[in-house]
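Overview (structure and organization)
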Amino acid sequence: MRQPGLISAEWDSPLFHQTQTQLDRAAKLISLDENIFQRLRYPQRVLMTSVPFRMDDQRVVVLPGYRVQHNNALGPFKGGIRYHPGVSLGEVSGLAMMMTWKCALMGLPLGGAKGGIRCDPSQMSRNELQRMTRRYTSEIINFIGPDKDIPAPDMGTNEQVMAWLMDTFSQNHGYAIPSVVTGKPIVIGGSLGRVEATGRGVVYTVMEAAKKLKMKLTSKTRVAVQGFGNVGSHAAGKMARIGCRIVAVSNHSGGTFNEKGLSVDDLTAHHQAKKPLSEYKKGEAITNEELLATECDILILAAIDGVVTAPIARQLKCRIMAEGANGPTTVEGDAVLEKRDDIFVIPDILANAGGVTVSYFEWVQGLQNLFWSAKEINQKLQQLMADAFARVDETSRKRKVSMRQAALITGIERVTQAMLNRGFFP
Ligand code: NAD
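Our subject in this report is the structure included herewith. (Residues numbered from 1 in each chain as written. Predicted model: local features only at pLDDT ≥ 70, side-chain atom pairs only at ≥ 80, totals over all residues. Heavy atoms only, no water.)

1. Section: the packing of aromatic side chains
Condition: We call Phe, Tyr and Trp rings a pair once their centres come within 6.5 Å, taking the six-membered ring for Trp, and we label the pair stacked below 30 degrees between planes, edge-to-face above 60, and tilted otherwise. Residue burial is assigned from relative accessible area. The probe radius is 1.4 Å, only protein chains are included, and a residue is buried under 20% of its type maximum, exposed over 50%, and partly exposed in between.
Applying the stated criterion across every chain yields a total of seven aromatic pairs. Ring centres 5.2 Å apart and planes at 40° place the aromatic pair Trp-11 and Phe-16 in the tilted group. In this structure Trp-11 comes out as buried when scored by relative accessible area, which is 13%. With 6.2 Å between their ring centres and 40° between their planes, Phe-344 and Phe-389 make a pair best called tilted.

Below is the structure:
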């Protein structure tokens, strides 16, 4: 029987199309069981909610909120919460699907989810953000929990937002339940190393790629980083600490370039003073397009999805491209990159998996109320990232497919095995 597919305008976003196309292609390569394939093309469950909250001027605004649970064959759902004007059901669904592959690829006992609110957090006060977060949490409260679905930070959210979420959930249950979220402040059960984990993980995969390509990482290694938020700033900081030269950095306001190298600490102070990166005195102002086309050895993408389109992919001048962001390369951009054997791509579900890996550590520590040292966490993280890199590299060589295809195949095959073992209900 031909299946009609669950098409509706809400799903129809570029990121959902991108992730579905990636699944479709990987499924063909591995001749994926048709029943499993149809199930994986859409989330298991989506929750759409309108989130009303009071602004500081007493107006009540109502914004669309989402929590999408893609697959929990391997364990409880896990995925970030995004506050951004571009959030839609399609975007969140695409990101939830990516989380399923990412957790599976890393060997974590977790499924994939994602959530978000369509809003502009940069235009909101702390109190407004708090009221919005608490109401959103109340709307999704029956769908989350330490054994059900565990949110974490993503674009536009941080450990403070996670603390409000944890508190709202706990107040409703009558006792503290820290393990309902990860990426929370350390004092309420957060993990050491979680804040910088995604950026750090990106660098660990870059180190593995450099080893594979017999490339030395020295002060001559030029690094360009798009995005200077959580992922970008920590990835840039760690690249600088291992001795590489950061030549360009950008964010939504533009970027800065200095062939001789930029100080990440100095840039962080400039950024914290809420000054645009393009006004940084010790660099030359550049646009985001110029940053992507910067001549460099390592390009780290740590901003948003859809930035590497086909024309941009043709202009890239890096040796290694590490996708710290989720979905930064479009389907068309990827087709160009697959033909360019001068660029080694570390795909998103591998490169940025450090975040969910330390989130997993945080969840485990919380459940047993026993906390590990930063050294232990970073060592475990580096080991898991190196192991995952090796698995993907091996699949890529054996099957003669790109690193992206190999990462997807590795994740999809694990989820498939779990689904076949568990069987079909009812
Ligand atoms: P963030 O909000 O802390 O930072 C985002 C950065 O991107 C900011 O510097 C912002 O100015 C910049 N940016 C936004 N729009 C841009 C544009 N149009 N052009 C250039 N720069 C732009 O978010 P984050 O947590 O660092 O997340 C960044 C990416 O990494 C997202 O794709 C996110 O899904 C992904 N990611 C984050 C984590 C995590 O643990 N935070 C984990 C895995 C993946």
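2. Observations concerning unusual backbone geometry
As a reminder of what qualifies: A run of H or I in DSSP becomes a helix once it reaches four residues, and a run of E becomes a strand once it reaches two; helices and strands are each numbered from the N terminus.
The step from Phe-425 to Pro-426 runs through a cis peptide bond, and the omega angle for that step is 5°. Along the polypeptide, Pro-426 turns up in the segment after helix H15 (403-422). Positive phi values are uncommon outside glycine, yet Ser-31 reaches one of about 45°. Structurally, the position occupied by Ser-31 is in the loop between helix H1 (14-29) and helix H2 (34-40). When its relative accessible area of 63% is taken as the criterion, Ser-31 is described as exposed.

3. Some words on empty space enclosed by the protein
Where we set the bar: Cavities and pockets are defined on a 1 Å grid built over the protein atoms alone: a cavity is a set of grid points where a 1.4 Å probe fits but cannot escape, while a pocket is an open set with protein on both sides within 12 Å along at least five of seven lines, and lining residues are those with an atom within 4 Å of any such point. Grid points are joined across faces, edges and corners, and a volume is the space filled by probe spheres set on the points. The residue classification treats Ala, Val, Leu, Ile, Met, Phe, Trp, Tyr, Cys and Pro as nonpolar and Asp, Glu, Lys and Arg as charged. All others, Gly included, are polar. For every domain, the bounds stem from an assignment made automatically or drawn from a database.
Inspection of every chain in the model, using the stated rule, returns three cavities of 30 Å³ or more. The calculated volume of the largest cavity comes to roughly 70 Å³. Surrounding the largest cavity, Gln-22, Arg-25, Asp-334, Glu-338, Ser-402, Arg-404, Gln-405 and Leu-408 form its lining. In terms of residues, the lining of the largest cavity owes the most to one element, H15, which gives three residues. Grouping the constituent residues of the lining of the largest cavity by class yields one nonpolar, three polar and four charged. The volume enclosed by the second largest cavity comes to roughly 40 Å³. Surrounding the second largest cavity, Gln-18, Gln-22, Arg-25, Thr-329, Thr-330, Val-331, Asp-334 and Arg-404 form its lining. Only H1 and helix H11 (331-339) provide two or more residues apiece to the lining of the second largest cavity. If you tally residues by element for the lining of the second largest cavity, the top one is H1, at three residues. Among the residues making up the lining of the second largest cavity, the classes are represented as one nonpolar, four polar and three charged. Both of domain 1 (9-179) and domain 2 (197-351) provide at least three residues apiece to the lining of the second largest cavity.

4. Digging into H15
Counting along an α-helix, one turn takes 3.6 residues, and residues three or four places apart therefore face a common direction. In plain terms, the rule: Expected span of a helix: the number of residues minus one, times 1.5 Å.
Across its 20 residues, H15 extends 29 Å between first and last C-alpha, which sits within 8% of the 28 Å expected from 1.5 Å per residue. In terms of residue burial, H15 counts as a mostly covered element, since 14 of its 20 residues are buried. Directly after H15, the chain includes Gly-423, whose backbone phi takes a positive value near 80°.

5. Some thoughts on the site of the ligand
Heads up, the rule is: By convention in these notes, a residue is near a molecule or strand provided one of its non-hydrogen atoms lies within 4 Å of it. Polar contact is the term for a pair of N or O atoms within 3.5 Å; when the atoms are in protein, one must be able to donate a hydrogen and the other to accept it, and sequence-neighboring residues count only if both atoms are side-chain atoms. Areas reported as accessible are Shrake-Rupley estimates using a 1.4 Å probe. Residue values count occlusion only from the protein chains shown.
The local shell around the ligand holds 22 residues, among which Arg-82, Asp-154, Thr-198, His-252 and Asn-326 are the closest. Between the ligand and Asp-154, the relevant distance is 2.8 Å, taken from an oxygen atom to a side-chain nitrogen or oxygen of the residue. Here an oxygen atom of the ligand sits 3.2 Å away from a polar atom, N or O, in the main chain of Ala-303. Within the complex, the protein chains bury 84% of what would otherwise be the 830 Å² of accessible surface of the ligand. For the shell around the ligand, the per-class residue count stands at seven nonpolar, 12 polar and three charged. Each of two domains, domain 1 (9-179) and domain 2 (197-351), supplies a minimum of three residues to the shell around the ligand.

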